[in-house]
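Working through the structure, step by step
Residues per chain, in single letters:
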Amino acid sequence: RPVLALSDVRRLDGARQAVAGPVAAGGVFARRDHYVSDWDDIGQAAGLAAMGADLVRGHGRLAGPRRVVVSTADGETVDLVARHAVVISTGSAAAVPDLPGVREAHPWTNRHATDTSVVPGRLAIVGGGGVAVEMATAWQGLGSAVTLLVRSTILPRMEPFVGEAVERGLRDSGVEVRIGVNVRELVRGRNAAAVVIRLDDDSELEVDEVMFATGRTPLTGDIGLETVGLAAGSWLETDDTLTVTGVAGDWLYAVGDANRRALLTHQGKYQARVAAAVIAARAESAPVDTTAWGRCVATADALAVPQVFFTDPEAASVGMTEEQAGTAGHSVSVVDVEIGETVMGAKLYADGYRGRARMVVDDTRGVPLGVTLVGPGVGEILHSATVAVAGQVPVDRMWHAVPCFPTVSELWLRLLEAYRDRESASP
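We now turn to the structure provided with this report. Residue numbering note: each chain is counted from 1, following its sequence as written. Local features in this predicted model are restricted to residues of pLDDT 70 or higher, and side-chain atom pairs are both shown and tallied only at a pLDDT of 80 or more, whereas totals for entire chains, interfaces and linings draw on every residue. In computing side-chain properties, one takes all heavy atoms of the structure into account and sets aside hydrogens as well as water.

**Focus: the pairing of strand E15 (residues 306-309)**
Which entries qualify depends on this criterion: Should DSSP find at least two bridges between two strands, the strands are taken to pair. We count a stretch as a helix when DSSP gives it H or I for four or more residues in a row; a strand needs E for two or more, and each element gets its number in order from the N terminus.
By the bridge criterion, four bridges tie E15 to strand E16 (residues 314-319) in an arrangement that is antiparallel. Its bridge partner being in E16, Val308 is matched across the sheet by Ala316. Linking E15 back to E16 in an antiparallel pair, the connection comprises four residues.

Pasting the structure below:
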């Protein structure tokens, strides 16, 4: 946030003159440590105790249906037997490719990149997804000379214009972006002061640290899955109640990254709420209702999964892209708005505001299937798009959701106008 806040200030005449220097890395790290309670989970443990839950610390492993065995740090073994359910929420880890020299190079992953307090002079980041571009943004702003090595395209799962805008922003900030390259080998020198990265185009790059952001792998390799007939180390398939498939009985659940439905923190929390409600209903032999919350339980919905990448400019989306909607068989209209050209609120938000928005509308029902945004601050207006997509709000009704003037959310009016004008221009 400090890196993006400084960028925002520099986009405002009258404010940029007050900026006297770069981001203070020490202050950023201290602020981070405060918000993670200096890496102490005593507050979370106290919260569990307050709600009446028992916390057992150790390595838990399944040992058959409804049974978990925990190996504690002091060598003891704790046997737990669940009356109703066991929930797996083990998350995922960065997938580091098996390359020559990778072990000796001691590469960073997202974990080290977010908990270290040392700014490397030169940092190479391998990958083009959300973690890669977020870390490139952050570490360039913190003072590293960052090189981003991308195999194909940046943010390939989003609308193509998003990756183009983020790439332009990274280059403008000083990041060296190299597209279409693969790492062939890593060599860490004897003095361990530098890493030489050898690429498949026969070029070399010397850096102080290298980070891999090239995918995720499930943390299910040593949790006893084989005792219930599942493959160790696998992603866990679930139905929409978050019940793991392939296991007899409705007792094993998986939430968060472990089920690979959406590798996003907020989606993991949403899934936890769904699973808890399902478990509570089944414990009382109540029906699991797919349409309502409360004691009648909704199932996990993947219609409107939102995501924000905190780059400069920010990238945000919810629901389907144009390509995804077409693949799913929908007949759609697609409307685009250049935010900085037509939205007065955006022009006041930042001098020379550059951004773009796309809305994908189901022609049959007249409801939005997806919205994609790129531009400064768009992450804070994504939820309005999420409500529209999740609620399947008809475009005709959205005209009555009036955005305040002058805010960036005026974008909604421009999208509706573009959709209306597209309809009127159709033969």
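**Points about empty space enclosed by the protein**
Stated precisely, the cut-off is as follows: With a 1 Å grid laid over protein atoms only, a set of points is called a cavity when a 1.4 Å probe fits there but cannot get out and a pocket when it is open yet has protein on both sides within 12 Å along at least five of seven lines; lining residues have an atom within 4 Å of a point. Grid points are joined across faces, edges and corners, and a volume is the space filled by probe spheres set on the points.
In the structure shown here, the tally under the stated rule is one cavity of 30 Å³ or more. As a volume, the largest cavity reaches approximately 30 Å³. Considering the residues around the largest cavity, the lining is formed by Val371, Leu373, Ile381, Ser384, Ala385, Leu411, Trp412 and Leu415. Those elements giving two or more residues to the lining of the largest cavity turn out to be strand E19 (367-375), helix H12 (382-390) and helix H14 (411-425). For the lining of the largest cavity, the leading source of residues is H14, giving three residues.

**Structural notes on the packing of aromatic side chains**
The criterion, for reference: Stacked, edge-to-face and tilted are the three classes for Phe, Tyr and Trp ring pairs, Trp counted by its six-membered ring, which pair at centre distances within 6.5 Å; planes under 30 degrees apart are stacked, over 60 edge-to-face, the rest tilted. Note on exposure labels: buried denotes an accessible area under 20% of the residue type's maximum, exposed denotes more than 50%, and partly exposed covers the range between, all computed with a 1.4 Å probe on protein chains only.
Summed over the entire model, instances satisfying the criterion amount to three aromatic pairs. Measuring from centroid to centroid gives 6.1 Å for Phe29 and Trp139, while their planes differ by 40 degrees, and the two rings are tilted. Placement of the pair is Phe29 in helix H2 (residues 25-35) and Trp139 in helix H6 (residues 130-142), with a sequence separation of 110 residues. You'll find Phe29 and Trp139 in the same group, each marked buried. Measuring from centroid to centroid gives 6.3 Å for Tyr349 and Tyr353, while their planes differ by 75 degrees, and the two rings are edge-to-face. An aromatic cluster is defined as three or more aromatic residues linked by ring pairs; in this entry it consists of Phe29, Trp108 and Trp139.

**Notes on the sheet that holds strand E10 (residues 195-199)**
Filter applied, for reference: To get an axis, a line is fitted to the C-alpha atoms, and for a helix only the part in contact is used. The angle between two axes follows their N-to-C directions and goes from 0 to 180 degrees.
Pairing within the open sheet is antiparallel, and its three strands lie in the order E9-E10-E11. Edge positions in the open sheet fall to strand E9 (183-188) and strand E11 (204-207), since each of these has one partner strand only. In this sheet, adjacent strand axes meet at a mean angle of 20 degrees when their direction is disregarded.

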